[in-house]
Amino acid sequence: MKRSEFQTALRAAARVARQSEFIIIGSQAIHAHCRWPPAEVLLSQECDLYPRTHPQVAHLLDIELGPNSAFARRHGFYVDVVTPGLAALPEGWERRLKPFRVGRITAFCLDVHDLLASKLAAGRLKDLELVGALLKLRLAKVSILRRRIASLPLPSEEHKARLRLNVVLEDLD
């Protein structure tokens, strides 16, 4: 999803939800951290978000902007409404959110290292590719990422994320 598409998705979400603040927990959070994100971000067709307040509008967002909506058919991308508990996130992630503003709309985006720790915990191929791309572009530091992994909520998530990070790092060599 290009930056302009991300902005379109945020404007549509604000219009439908009648909200101006959202939390972004997926790869589109990278737009808050760099002007030219890697292909792994640009190729994604979804924007993972939820309203910062009033989560009850999530169902409406899904109907109007979700993967099966007219919005998705018209634009070729969609809003994937998620819940705060969906992703394994490091302790203190809320304090590190980075605002991305589109007019009066604010998308609070995950810190790069929190995002990557979460992606390593999830462990899908596309997640590992994103981690590798962001590390290769030096948009994240391995030392900080290791600390964030250590603060994942479950020991099993931490263990898997550490192992997956080692695989990604070996691949970058």
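Nothing here was measured: the structure is a model prediction, and the numbers come from that model.

Some thoughts on the overall build of the protein
And then number 1: In terms of helices and strands, the protein carries 8 helices and 5 strands.
And then number 2: Tracing the protein from N to C terminus, the helices and strands come up as α-β-α-β-α-α-β-β-β-α-α-α-α.
And then number 3: For 173 residues, the compact-globule estimate of 2.2 N^0.38 gives 16 Å, and the C-alpha radius of gyration of the protein, at 16 Å, lies within 12% of that figure.
And then number 4: Taking as baseline every contact in the protein between residues at least 6 positions apart, the subset at least 24 positions apart corresponds to 70%.

As for the environment of Trp-93
And then number 1: Mapped onto the secondary structure, Trp-93 falls in the loop between strand 3 (78-81) and strand 4 (98-102).
And then number 2: C-alpha of Trp-93 to C-alpha of Tyr-78: the two residues are 15 residues apart in sequence and 25 Å apart in space.
And then number 3: When near neighbours in sequence (up to four residues on either side) are disregarded, Trp-93 contacts Ile-23, Tyr-50, Leu-110 and Asp-114.

Points about the packing of aromatic side chains
And then number 1: According to the stated counting rule, one finds 2 aromatic pairs in the structure shown.
And then number 2: Consider the rings of Phe-6 and Phe-100, whose centres lie 5.0 Å apart with planes at 45 degrees: the pair is tilted. You can see Phe-6 sitting in helix 1 (residues 3-17) and its partner Phe-100 sitting in strand 4, a full 94 residues away along the chain.
And then number 3: We note Arg-35 situated over the ring of Trp-36; from NZ or CZ to the ring centre the distance is 6.0 Å.

As for the sheet that holds strand 2 (residues 46-51)
And then number 1: On the basis of which strands lie adjacent, the open sheet formed by 5 strands has the order 3-2-1-5-4 and mixed pairing. Of all the strands in the sheet, the pair left with one neighbour each is strand 3 and strand 4. If you compare each strand with its neighbour and ignore which way they point, the axes differ by 40 degrees on average.
And then number 2: Sheet topology places strand 1 (residues 21-24) next to strand 2; 3 bridges connect them, and they run antiparallel. Paired with Ile-23 across the strands is Tyr-50, a residue of strand 2.
And then number 3: Helix-sheet contacts for helix 3 (residues 58-65) involve strand 1, strand 2 and strand 3, and the interaxial angle to strand 3 is about 155 degrees.

What about helix 6 (residues 125-136)?
And then number 1: End to end, helix 6 covers 16 Å across 12 residues, agreeing with the expected 16 Å (1.5 Å per residue, within 8%).
And then number 2: Where helix 6 is concerned, the buried positions are Asp-127, Leu-130, Val-131, Gly-132, Ala-133, Leu-134 and Leu-135.
And then number 3: On the buried face of helix 6, the contacting elements are helix 2 (39-42), helix 5 (112-122), helix 7 (142-150) and helix 8 (155-172).
And then number 4: Once helix 6 finishes, Arg-138 follows within two positions and takes phi at roughly 60 degrees, a positive value.

Parameters and conventions
Residues numbered from 1 in each chain as written. Predicted model: local features only at pLDDT ≥ 70, side-chain atom pairs only at ≥ 80, totals over all residues. Heavy atoms only, no water. Helix = DSSP H or I, 4+ residues; strand = E, 2+ residues; numbered from the N terminus. Rg over C-alpha atoms; globule rule 2.2 N^0.38 Å. Contact = heavy atoms within 4.5 Å. Phe/Tyr/Trp six-rings, centres within 6.5 Å; stacked < 30°, edge-to-face > 60°. Lys NZ or Arg CZ within 6 Å of the ring centre and 35° of its normal. Pairing = 2+ DSSP bridges. Axes fitted to C-alpha atoms, helices over the stretch in contact; angles between N-to-C directions. Expected span 1.5 Å × (residues − 1). Buried < 20%, exposed > 50% of the residue type's maximum accessible area, 1.4 Å probe, protein only.

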